[in-house]
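Single-letter residue listing:
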Amino acid sequence: MPRSNAQHADDAPEAPKKEELLDSLTKGLALLRLYATGVERLTMQDVAEQLDVTRAAARRLLLTLAHNGYVAQQGRQFVLTPKVMDLGYAYFASMNLPQLARPYLQALCAEVGESCSIGMLDRESVVLVAREEPSQLLRVDMAIGRRMPAYAHSLGRVLLAGLDDDALAAYLKGAELRKLTPFTIDSRPALARKLAQVRQDGYCTLISELADGFAGISVPLRDQSGKVVAGLGISMVLGSRDAARLESHLLPPLQRAAVKIETILKAR
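Once a new chain begins, its residue numbering starts again from 1 and follows that chain's sequence as written. In keeping with the predicted nature of the model, local features appear solely for residues at pLDDT of at least 70, side-chain atom pairs appear and are counted solely at 80 or more, and the whole-chain, interface and lining totals rest on all residues. Hydrogens and water are ignored here; the side-chain numbers use all heavy atoms of the structure.

Visitor: How do you make sense of the pairing of strand β4 (residues 115-122) when you look at a structure like this?
Guide: On any regular strand, side chains alternate: one points to one face of the sheet, the next to the other face. Among the eight residues that make up β4, six are buried, leaving the element largely enclosed by the rest of the structure. Any two strands with at least two DSSP bridges between them are considered paired. For the purposes of this entry, the term helix denotes a DSSP run of H or I that reaches at least four residues, the term strand denotes a run of E that reaches at least two, and both are numbered from the N terminus. Here five bridges tie β4 to strand β9 (residues 228-237), and the two strands are oriented antiparallel to one another. Pairing of I118 across the sheet is with L232, part of β9. Bridge count for β4 against strand β5 (residues 125-132) is seven bridges, and the pairing is antiparallel. Pairing of L121 across the sheet is with V126, part of β5. In textbook terms, the turn of a hairpin is the stretch between consecutive antiparallel strands, and for β4 and β5 this stretch comprises two residues, one of which, R123, has a positive phi near 55 degrees. Think of it in three bands: residues with accessible area under 20% of the maximum for their type are buried, residues over 50% are exposed, and the middle band is partly exposed, with areas taken using a 1.4 Å probe on protein chains only.

Written as structure tokens, this is what we have:
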């Protein structure tokens, strides 16, 4: 029995100690994030200045990435190679999603006259990566980069419903579900049933669960493999509308826009 307890303790997750972390790996990942900001070319001096390391350290970082095929040297400059896609193709492919989808998001916003967003799942949160607002006085205040609990947002629910069974079970087991309004689903069995319904329907309508008086309707966006990589949604002040009216008026244009965005995702 003591042996079993010791083994259980060894398996328990714990925060890493500073001495257990690889500073060189941290710096290497920070270097890759420099390219992710849109910079196409970097010199050793650029890397040294932006990462606050010595020029010799910057040289080692760049040469290590070049040796492994992730960057290529062109004179004094270093550029990314397509091999970075190996680090997570679906994620890197989605990096351009906001730019690629913007014309369709703008057109949808103009058509329905409501706030339109694209969101992605990050652990237990849905993060807005693109947003278009109508030219009206009353707006839903949700900026790009805003994080919201996935279980209580229509975008989050279509993303959760798109997880495979194991990932969804892990989410339901560990997620913190709080009562944000009197209407918020905070029961794991009830949320599981709702997500199963969303998976079957192919869309989610959510009313007054994140904030009382606000509503949203969302659909998933799938890549060329059929995997749900993002969600497309419309959010609004509910007013006198109910779920049936929202779905009859907003779901068709939302689905048409999703088809157009998925077409460019699948063509990549």
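Visitor: Even after reading the chapter, I still don't get empty space enclosed by the protein, so can you show me in this structure?
Guide: The method is simple in principle: a probe with the dimensions of a water molecule rolls over the atoms, and the space it marks as empty is what remains. In this analysis a 1.4 Å probe is tested at points of a 1 Å grid over the protein atoms alone, and where it fits but cannot get out there is a cavity; an open set with protein on both sides within 12 Å along at least five of seven lines is a pocket; lining residues have an atom within 4 Å of a point. Grid points are joined across faces, edges and corners, and a volume is the space filled by probe spheres set on the points. Tallied over the full model, the rule gives two cavities of 30 Å³ or more. Estimates place the volume of the second largest cavity at around 40 Å³. In terms of lining, the second largest cavity is formed by S115, S117, R131, H153, S154, L155, G216, S218, G233, I234 and S235. Among the secondary structure elements, those contributing two or more residues to the lining of the second largest cavity are β4, α7 (154-161), β8 (214-222) and β9. Among the elements that make up the lining of the second largest cavity, the one with the highest residue count is β9 (three residues). Amino acid classes used here: Ala, Val, Leu, Ile, Met, Phe, Trp, Tyr, Cys and Pro are nonpolar; Asp, Glu, Lys and Arg are charged; the rest, including Gly, are polar. Residue composition of the lining of the second largest cavity, grouped by class: two nonpolar, eight polar and one charged.

Visitor: In this structure, what is going on with the sheet that holds strand β3 (residues 77-80)? I would like to understand it.
Guide: Across the sheet, which stays open at both edges, the three strands sit in the order β1-β3-β2 with antiparallel pairing between neighbours. At either end of the open sheet lies a strand with only one pairing partner, and these are β1 (41-43) and β2 (71-74). Averaged over all neighbouring strand pairs, the angle between strand axes comes to 35 degrees, with direction disregarded. Two elements, β2 and β3, share four bridges in a ladder whose sense is antiparallel. Within the sheet, the bridge partner assigned to Q74 lies in β3 and is Q77. Lying over the sheet, helix α2 (residues 23-36) contacts β1, β2 and β3, oriented at roughly 80 degrees with respect to β3. Packing of helix α4 (residues 55-67) onto the sheet brings it into contact with β1, β2 and β3, and relative to β2 it is tilted by some 115 degrees. Note on geometry: axes are lines fitted to C-alpha atoms, helical ones only across the stretch in contact, with angles between N-to-C directions running from 0 to 180 degrees. Residues count as neighbours in contact if any of their non-hydrogen atoms are within 4.5 Å of one another.

Visitor: Sorry, what's going on with the nonpolar core here?
Guide: One broad rule of soluble globular proteins: the nonpolar side chains tend to lie buried together. Judged by nonpolar contacts, the single largest core of 29 residues is most densely connected at L108, I118, L221, L232, I234, L254 and I261. Where this core is concerned, the elements lending two or more residues are α6 (97-112), β4, β8, β9 and α10 (243-266). Of the residues forming this core, the biggest block, eight residues, is contributed by α10. By nonpolar core is meant a set of buried Ala, Val, Leu, Ile, Met, Phe, Trp, Tyr and Cys residues that side-chain atoms within 4.5 Å join together.

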